[in-house]
Structure formats: structure tokens, C-alpha cells
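Chains, contacts and geometry: an overview
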Number of protein chains: 2
Amino acid sequence: LTVEYELACANGEDPFALAREIAVEQTAEVPEDCIPADLNERIVGHIEGMEHLESGRWRAVVSYRRAAIGPGVPQLLTILYGNISMKSHVRITDVRWPSWLLEALPGPAFGISGVRELVGVPSRPMVCGALKPMGLPVDELARRAEAFARGGIDLVKDDHGLHDQAAAPFSTRVARCQEAIERGRQAAGTRTLYLPNLGGPIDSLPARVETLERLGVRGAFVAPIVLGLDTLRWLAETSGLVLLAHPALSGVFIHPDHGIAAEILYGDLMRLLGADGVIYPNAGGRFPFSEALCQAINRRLRRRLGAIRPALPVPGGGVRVDNAPYWSTCYGNDTVFLIGGSLYQQSNLEDASKRLIDSLAAAAASNPPSASANDRSPR
Amino acid sequence: LTVEYELACANGEDPFALAREIAVEQTAEVPEDCIPADLNERIVGHIEGMEHLESGRWRAVVSYRRAAIGPGVPQLLTILYGNISMKSHVRITDVRWPSWLLEALPGPAFGISGVRELVGVPSRPMVCGALKPMGLPVDELARRAEAFARGGIDLVKDDHGLHDQAAAPFSTRVARCQEAIERGRQAAGTRTLYLPNLGGPIDSLPARVETLERLGVRGAFVAPIVLGLDTLRWLAETSGLVLLAHPALSGVFIHPDHGIAAEILYGDLMRLLGADGVIYPNAGGRFPFSEALCQAINRRLRRRLGAIRPALPVPGGGVRVDNAPYWSTCYGNDTVFLIGGSLYQQSNLEDASKRLIDSLAAAAASNPPSASANDRSPR
């Protein structure tokens, strides 16, 4: 496992010493004189390269052995950024995943082609609508779900704030919205897929997954930073559901001099752990993500990466009905646009949904055909 | 639930508009014209106060209703900092926990007095040793564990990097180290408590908790940011174990203009979710925490907070044998010092441990008696 760190060294700080400190802190975590020679070789990170970038900034490349990582996502996260997260000027800018790790992680169970197959959309960009705002009674959420399905919206997710509040408890909400979507599908001949918020508490998840299975719900979403990243891995391996990852709480990782680069977090980690689609805040919306950053996330989600299926970028947080076609020409057809507010601002949700899908189909016709790397049938 | 945010407004940004944006983003998350009037009252956050701090910095106080939060830790975290974590200049500086929430969260199952009872140390500061470095075979880790127990170290934890690597797999390591500690306890008449790293994968935790029970291990630790904060809550409610929280990956929350203030994260959240002791990086060590910040964390961990038991501060990451007595006079007796490297640097681990405990007992005699708020018997 090779990790590229960007170091912001204060005046006089020795970048080579800092790189060695990282290599020790993340592994042996004892003073140098307490590290047996063989562990220095087998366990402590190896500095593979150092590069001066600009005033005080360095790139350090450190590799970690399988003996230090072992099995399991928690120790992978601990090696990547556990203790050094508490240092103020170390940021992960790239990770090279060894093949043994790519084979150990699930990746998306469906991937881009698997989701396309389920929703019956072979090539155009897709749309995900959101059931919101929280506080609405189940009746009204179900009414909105049906309108989305009648309008041909491809995916309909719960708002990420819909958990188990009294106004719309999980079981009732999911049952009613699934029925409503089924009605809409039947009436309009669409293939809308419902993605409830699995939410948590953590110990409720096995029963909730069973509930979805019983109701015939084929997908769901979780916020992996809220629930724990390993929970996404577990769901991808065991639930049989199409899984979207929601970025709630993930902003804590994204800083110019600290954390994990957004394209690694959303583009690599979420995909490797099993997200079929990864929601992130789009450029030009309510959050400060640049278009270049969004493109970098998209590239990572779709690139060739061992036998890991490609995942769908799901830009949201400010994508609107009027600019979705524009963004689809920027991002290409293998994209899901998460659109909420600008659909609700129109008087007829079903008609607004139809117009949006039509406008994306029209825009898609002028896009080059999608060519996602190593896509393969869902398992 | 009342949350105090510090806003770092850029030139010309309206702090009142930003506060309203937060109140909506964290709840209804739709454009203002899509929020029904009754939800504006019942669901959207209420701005309780605004205060100008200094050039461009404002304090905004926003309260959230129970109807928006509902049951469950994941939605609590989502309301606190879910989507606004992706804004670059909003930081949580204080939280006032309503009594209904204090009653719904477990807090420590043992607390300060419960841990003291288990290790038989009524009043002096305690010491936690760490089994490390990773890569050592189980034999050598067990030898170190026995030396700690013979030397009277109060708590012995696995290194947080010890998961299930081939050199020391979880089950073998825990069984052997527990035996070794039991031997040391018997031989020296001490009451050392072993705290293995539960580690994960997440789906291994129920079986691992059972393993500990079968082996007679009474405590454990987890890294709640790695495993997910709700996993700590679940363990506190169900495992019957003394639980320490490790700060791996938690540094992503700690920024001057962003994230969640360290005293809230370590001092309130970890305690509310059930940590009997909370490890954090001490001042003057390898991480940039000030003494004032550490004191603020300590105060939160020990303060009166509904019926939630107080928890032990566990400063580590650079606390040494030679300065632990000094820190004990700063922090008071209700503290556990996590000491690794400077014990291993001495030739005889058992003797070094004894000297350390003696020096802390001597320092403690001059400390005022502990007076932790609302401590009560462990459940």
C-alpha cells in the first residue's frame, strides 16, 4: 500500500524527519530505539520518495507492508490516517492500492452497468430524486415518490435526514413509499428504483435490510462517515442491495492542508468499500467544490481498478433542473444527477420530472458514448 | 438541542443569512419556498442568538427540535454536522444537550468510580500501558503484558494498530495476554485490567465481545471514528465491558475554523456515547494540543451532565515516565496516563512500571481529593 502525503512544513521543519515520523507513527508507534531491527524492515513504513513542491511543501511517498495492515477495513483506515490525522499539516493526496487489497475489498456489487440494467436506462445520464423535506407525513412522502416514478425519475432516495422520526418512521415510510413507487411504475411503465435511508442505529441494520428484502426494495443508501466506513463494506458484501453513499459528515476530511483528498475519499475509498454510486457536492452549488475536483472524483469512480466495478458519480447539492443538461455534457452520460429543490419548486412534480428526463436524454444524444473501464455484469 | 457555531464570514458575507442557511441545510434541506409553514416552525432549526466576535467572526446559536432529531445517534450526528461539514467555515464550539437526549444516550457504564473499583485504586492517578509495537509475536506481547501486571500498571491496552494481523491474530493474542496478565496479578497481588483492541471488521464485533466474556476479559477499547460513533454507543449498551475510546482518525474534526471543537468531540460526545475513558493527545507531545485544550476536555469528561457518569481523561501520545507526575498535578487524580515508549526504553519493564506507579502515588498525595460530579456506582 503506497500513500502519497503532502506535507506543509513550517520554517525549519525537516520534511525527511516528518516523513519518517509518519512511517513510524502509523505502524510501530514507539521511539526509534524501541523498534527491533526486523520490525523496522517488516512493519515500519518505507519512505519511497520525497519531492519538493514549493515553499515549505513536500510530497512524501510512504509504503506499508501487508504484515502491518492485515485483514479488515478498520486497520486499513488506521494505517492510512489514524494517528497522523492529529497532526495539523499532513494530507493524503494519492493512494496506490495493491492487488491483494483490491481483491480483498468488495467494490460495487452492481456498478454502473448493473444499475443501468435495473433501471432500464442503457445510455443517458440518470436522475435521482429525493423525498423531502423531513417532517412531512408518510402520505405526502409517498405521494411525491409516486409522482417521481410516474415522471420516470430513475432513482428516488429518502432525504438523508429521514431516519426514524415520529412523522415518518422507517418501516411505515419504506413500505408506503415502495408501494407508491410500484404504483407509479405500473401506471407509467417506468422502472424507478427506490433507495431508502438505512440510517441506523447500527444494531438495527440487519433487521432493516431484511425489511427491504421482504418489501422487494432493491437499493438503499447510507452515510458511511456517519455509520462507519466498514459498515458500507459489510452492506456491500452481504445486503444484495444497490448502495449509494451519502457524504454527510464527510466534509471533515476535506481541507487544503489536511485530511484525505476528496477524489480519494469519494472516488476511491467509497467505491472500493462497495458504493454503486457516490453522492458528492457539485461545483457551483451550496458547497465549495470546484469543477476540476468533481471531474477528478468522476475519473476515479469510473477508472480501471483491478476487478473492482466502476461506480456512478452522483453530483448533488445545487444541481438544478435548468443546469443538469449542461453538467451532463461536462461529466458524460455515466452520471446520476441528484436533484431535489428545483423539482419541488415546480407545480406538478410528475410533469417536471418528465421534462427533466427528456432534457437529459436530448443532451445525452450529443455526448460521446460512455466507456467506463472494466465494467462487468453485477454479481 | 442547542448548537453554538462559530462562523468565519468572508468579506461581505451576511452572517445572519449563513446562520439561516445552516438551520435549513441541517433539516428541511430544500429551497425556502418549498418549506411548508408548519415545518418551518417544527423542523427547521431556530436561530436563538447571533454575536459578533471579531473581524468577520460570528457566533450563531441554533436550536433543533426533537421532531427533527428523533431517536438514534446517526441522525443526531447528521443534525449536528452532517451536510454543513462540507461548508468550509462553520465550526461547532458548544452543544447544550437537552435532558431527553441525556436520558436516551448511555454514557459510561462504569465511569470513574466504576473503573477505580475494578482496578482497586481509590484515589491516585492511574496508568495505562500499551502492548506494542505491532509485528511482535504473541509470546513477546504476552511477556510485556505480564511485566506490566507485575509492575502494578492499572490498565494494559493493545496498541491501536493491533488488529488481526498474522503476527498476532486477535483470538490468540487476547487469550494469551489475558492469561499473562492473570499470572502477573496473582504473582504480584495487583489488579491490572486488560483492554484488547476490538478492532473490527464491524461484523466480527459480536463474536469478539463473546470471546472476551468467555476469557474473563472485563474491558476493551475501540476507535469510534474508525468504527463509527454509533458502534461505541452499541458496545456501551450491550457489551458489559469497560470501554476506552481511542482517537485514531479523529483529528479530521479538529480545525481552527472547521469541524467540532476537541472538547466537544472528546469531552462530550465520546462520554455520552459510552466511553469510560477517552484517550486524547496530550499537550507537549507529538500532536499540537495545548494544555488549555486538554484541561477543557478533562473538565467536560468529569462535569455534571444529567445522570451521565463522568469519564476518565486518558492523555497520551507523548506522556512520559518522567513528566507523568507533573501532569498529574495539572490534571488531578481522576486521570489515566497512557504511557508507552518511555517504559519500553527502560531495561526492566516490571521495575520501570513500579517506579512510575510509586511516583504517581507520591504526586497524588499532594493533589486535592478528586470531586468528580455525579459519580455513581457502575451499572
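Just so we're clear, the structure is a prediction, and the values are computed from it rather than from any experiment. Note that residues are indexed from 1 along each chain, following the sequence as it is written. The naming scheme follows written order: chains are lettered A onward, ligands numbered 1 onward. Two thresholds apply to this predicted model, a pLDDT of at least 70 for residue-level local features and 80 or more for giving and counting side-chain atom pairs, whereas whole-chain, interface and lining totals are computed over all residues. Note that water and hydrogens are dropped before the side-chain values are worked out from all heavy atoms of the structure.

A short note on the overall build of chain A
In terms of regular secondary structure, chain A is built from 16 helices and 13 strands. Over its C-alpha atoms chain A spans a radius of gyration of 22 Å, differing by no more than 12% from the 21 Å that the globule rule assigns to 379 residues. For chain A, the spread of C-alpha atoms along the principal axes amounts to about 70 × 45 × 35 Å. Any residue under 20% of the maximum accessible area for its type is buried, any over 50% is exposed, and the rest in between are partly exposed; the area is computed with a 1.4 Å probe on protein chains only. With 379 residues in all, chain A has 67% of them scored as buried. Considering only residue pairs separated by 6 or more positions, chain A has 73% of its internal contacts joining residues 24 or more positions apart. To measure how exposed things are, a 1.4 Å probe is used in the Shrake-Rupley method; for residues, cover is taken only from the protein chains shown. Of the accessible surface of chain A, which amounts to about 12,400 Å², a share of 50% is contributed by carbon and sulfur atoms. Counted as positive: Lys and Arg. Counted as negative: Asp and Glu, with His and the chain ends omitted from the count. Here the site of a charge means atom NZ of a Lys, CZ of an Arg, CG of an Asp or CD of a Glu. Here chain A contributes 38 positive and 42 negative side-chain charges, whose respective centroids are spaced 7 Å apart. Comment: elements are numbered from the N terminus, with helices defined as DSSP H or I runs of at least four residues and strands as E runs of at least two. Every radius of gyration here is taken over C-alpha atoms, with the globule rule written as 2.2 Å times N^0.38, N being the number of residues. The contact rule is simple, with two residues in contact once any of their heavy atoms fall within 4.5 Å.

Considerations on helix α9 (residues 205-215) of chain B
Residues and elements named next belong to chain B. Every buried residue of α9 is accounted for by Leu-205, Arg-208, Val-209, Thr-211 and Leu-212. Relative to the axis of α9, the buried residues are bounded by an arc of 155° and lie together on one face. Away from its buried face, by an angle of more than 90 degrees, α9 presents the exposed residues Glu-210, Glu-213 and Arg-214. Looking at the buried positions of α9, the neighbouring elements they touch are α8 (170-188), β8 (219-222), α10 (224-227) and α11 (229-238). Taken from the residues just after α9, Gly-216 is the one with a positive phi, measuring 80°. Directions are taken from the helix axis to each C-beta atom, and the arc is the one they span.

Quick word on the nonpolar core
To form a nonpolar core, buried Ala, Val, Leu, Ile, Met, Phe, Trp, Tyr and Cys residues must be joined to one another through side-chain atoms within 4.5 Å. In terms of nonpolar packing, the biggest core is built from 240 residues, with Leu-1, Tyr-5 and Trp-97 of chain A together with Leu-1, Tyr-5 and Trp-97 of chain B touching the most fellow members. Setting aside anything within four residues of it in sequence, one finds Leu-1 of chain A in contact with Val-62, Ser-63, Tyr-64, Ile-69, Leu-76, Ile-79, Leu-80, Val-95, Arg-96, Trp-97, Pro-98 and Leu-101 of chain A.

Focus: the pairing of strand β6 (residues 155-158) of chain A
All names here are of chain A. Burial of β6 is two-sided: the residues Leu-155 and Lys-157 facing one way and the residues Val-156 and Asp-158 facing the other way are all buried. Here strand β5 (residues 126-131) runs beside β6; their pairing, made up of 4 bridges, is parallel. Pairing of Gly-129 across the sheet is with Val-156, part of β6. For a crossover, the right-handed case is the one in which the path from the first strand over the helix to the second runs clockwise, viewed with the strands pointing away from the viewer. Once you follow β5 into helix α7 (residues 138-150) and on to β6, the crossover reads as right-handed. Strand pairing follows a simple DSSP-based rule, namely that at least 2 bridges must link the two strands.

What about the interface of chain A and chain B?
At the interface, 73 residues of chain A touch 72 residues of chain B. Throughout, the accessible surface (probe 1.4 Å) given up by two parts as they are put together, summed over both, is called the buried area. Across the chain A to chain B interface the summed buried area is about 5,900 Å²; carbon plus sulfur atoms make up 65%. A per-residue breakdown of the area chain A buries against chain B is headed by Met-86, Met-134 and Leu-249 of chain A, which together make up 12% of the total. Here, a salt bridge means any Lys or Arg side-chain nitrogen found within 4 Å of an Asp or Glu carboxyl oxygen. Between chain A and chain B we count 4 salt bridges in total. One salt bridge in this structure joins Lys-132 of chain A and Glu-29 of chain B, with 3.7 Å as the shortest N-O distance.

Thoughts on the confidence of the model for chain A
The predicted coordinates ought not to be read in detail in places where the model reports low pLDDT. Of the residues in chain A, 97% reach a pLDDT of 70 or more, and the chain-wide mean stands at 95. Across the interface, the model reports ipTM at 0.96; the global pTM reads 0.96. Per-residue confidence from the predictor is reported as pLDDT, which spans 0 to 100.

Quick word on the sheet that holds strand β11 (residues 277-281) of chain B
Residue and element names in this part refer to chain B. The strand order across the open sheet formed by 4 strands is β8-β9-β11-β12, and the pairing between neighbours is parallel. Edge positions in the sheet fall to β8 and β12 (312-316), since each of these pairs with one other strand and no more. Within this sheet the neighbouring strands show an average axis-to-axis angle of 25°, counted without direction. Looking at chain direction, β11 and β12 are connected through 5 bridges and run parallel. Bridged to Val-278 within β12 is Pro-313. Note on method: axes are straight lines fitted to C-alpha atoms, helices fitted across the in-contact stretch only, with angles between N-to-C directions ranging 0 to 180 degrees.

Comments concerning the relation of the copies chain A and chain B
One copy of the chain maps onto the other through a rotation about an axis followed by a shift along the same axis. The operation relating chain A to chain B is a screw motion whose rotation component is 180°, with 0.0 Å of axial translation and a residual RMSD of 0.0 Å. Viewed as a symmetry operation, the transformation between the two copies matches a two-fold axis. In terms of C-alpha distance to the rotation axis, chain A has Gly-228 of chain A as its closest residue, with the C-alpha 1.9 Å off the axis. Most of the interface of chain A is mirrored in chain B: 99% of its interface residues are interface residues there too. To superpose the copies, least squares is applied to the C-alpha atoms of every residue with a pLDDT of at least 70 in both.

Quick look at the packing of aromatic side chains
Residue and element names in this part refer to chain A. Here is the rule: rings of Phe, Tyr and Trp (six-membered ring for Trp) pair when centre to centre is within 6.5 Å. Planes less than 30 degrees apart are stacked, more than 60 are edge-to-face, and the remainder are tilted. Overall, the coordinates contain 10 aromatic pairs over all chains when judged by the stated rule. Seen in terms of ring centroids, Tyr-326 and Trp-327 are 5.1 Å apart; in terms of plane orientation they differ by 65°. Their pairing is edge-to-face. Tyr-326 gets classed as partly exposed once you look at its relative accessible area, which sits at 45%. Consider the ring centre and the ring normal. A charge sits over the ring if Lys NZ or Arg CZ is within 6 Å of that centre and within 35 degrees of that normal. The lysine or arginine in question, Arg-208, covers the ring of Phe-170, its NZ or CZ lying 4.3 Å from the ring centre.

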